[in-house]
Amino acid sequence: MKTLLFICGPNGIGKTTICRAMLARLPQSAYVDSDPLRLMSPFLLDDTTIPTIRKNISDVIANYLDCPAVRTVIFSYCVHGRRREVLDGVMADLSGRAFAFMPFLLTCDEAENVRRMESDGRDAERIRRAIETSRDAYVGVDYPRIDVTGLSADQVALAILAASGLSG
């Protein structure tokens, strides 16, 4: 059975970097990065754009799930604010397909989260917004947690692959 390995966590925690590290280690895998699937100027996440963003993400994941060369689809996304609406819609769109859903929540202390965003070159205002809006949204998320504080992307990728039982 195919696997949808879902990685979520606050803004700036390292989801993309960690997913790319997993992709490099996991044969027969594909990574769906939502960033290029929702590039707009200006970026809006509202009733007019959510259906399009949802369909973009759903279609790409479905295409990889249907691909005989792919066994594992790695997908990272945030679930705060209306992004949760997008994720719920994507999961509804995929509900007719057979796959194992393996979610993981990345966590870290606030200082580590700020350090990671600063190393990405994010400005102070963007960091402030991320800390205020995205960290608390994961308090009630009931997914297995991986604390990335002090760990490299490769270390986290190996931890997720080990916890999921996927070879890497």
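Up top is the structure these notes are about.
Residues numbered from 1 in each chain as written. Predicted model: local features only at pLDDT ≥ 70, side-chain atom pairs only at ≥ 80, totals over all residues. Heavy atoms only, no water.

(A) Quick look at the pairing of strand 4 (residues 99-107). Judged from the 7 bridges that link them, strand 1 (residues 2-8) and strand 4 form a sheet pairing that is parallel. Of the residues in strand 4, the one forming a bridge with Leu4 is Phe101. As defined by bridge partners, strand 4 adjoins strand 5 (residues 145-147) across 3 bridges and the pair is classed as parallel. Counterpart to Thr107 in the pairing with strand 5 is Asp147. (Pairing = 2+ DSSP bridges. Helix = DSSP H or I, 4+ residues; strand = E, 2+ residues; numbered from the N terminus.)

(B) Structural detail: the pattern of salt bridges. By the definition in use, this model includes 15 salt bridges. The closest approach of N and O atoms between Asp88 and Arg84, which form a salt bridge, is 3.2 Å. Of this pair, Asp88 and Arg84 both sit in helix 3 (residues 83-94), 4 residues apart, which is roughly one turn of that helix. Classification of Arg84 as partly exposed rests on a relative accessible area of 32%. (Salt bridge = Lys/Arg side-chain N within 4 Å of Asp/Glu carboxyl O. Buried < 20%, exposed > 50% of the residue type's maximum accessible area, 1.4 Å probe, protein only.)

(C) Spotlight on the side chain of Arg116. With respect to the helices and strands, Arg116 occurs in helix 4 (residues 110-119). The buried category is assigned to Arg116, whose relative accessible area is 12%.

(D) Up close: the environment of Ala92. Relative to the assigned elements, Ala92 resides in helix 3. We classify Ala92 as partly exposed; its relative accessible area is 43%. Sequence separation of Ala92 and Ile146 is 54 residues, and the distance between their C-alpha atoms is 26 Å.

(E) Expanded view of the packing of aromatic side chains. As enumerated under the stated definition, the model contains 5 aromatic pairs in all. Centre to centre, the rings of Phe6 and Phe101 are 5.9 Å apart; their planes meet at 25°, and the pair counts as stacked. One end of the pair, Phe6, is in strand 1; the other, Phe101, is in strand 4, and 95 residues separate them in sequence. A relative accessible area of 0% places Phe6 in the buried class. When the ring of Phe6 is compared with that of Tyr143, the centres are 6.1 Å apart and the planes differ by 85°; the resulting orientation is edge-to-face. Here Phe6, found in strand 1, pairs with Tyr143, found in the loop between helix 5 (124-134) and strand 5; they are 137 residues apart in sequence, far enough to count as distant. A relative accessible area of 16% places Tyr143 in the buried class. In textbook terms, an aromatic cluster arises when at least three aromatic residues are bridged by ring pairs, as seen for Phe6, Phe75, Tyr77, Phe101 and Tyr143. (Phe/Tyr/Trp six-rings, centres within 6.5 Å; stacked < 30°, edge-to-face > 60°.)

(F) Layout of the nonpolar core. Within the largest apolar cluster, 28 residues are counted, with the highest numbers of intra-cluster contacts made by Phe6, Ile57, Ile61, Phe75, Tyr77, Val86 and Leu94. Counting only elements with at least two residues in this core, the list comes to strand 1, strand 2 (29-33), helix 2 (50-66), strand 3 (72-77), helix 3 and strand 4. The biggest single contributor to this core is helix 2, with 6 residues. Residues contacting Val86, with those up to four places away along its chain left out, are Leu45, Ile50, Ile53, Arg54, Ile57 and Tyr77. Leu5, Cys19, Met22 and Leu106 belong to the second-largest nonpolar core, a separate cluster that totals 20 residues. (Core = buried A, V, L, I, M, F, W, Y, C linked by side-chain atoms within 4.5 Å. Contact = heavy atoms within 4.5 Å.)

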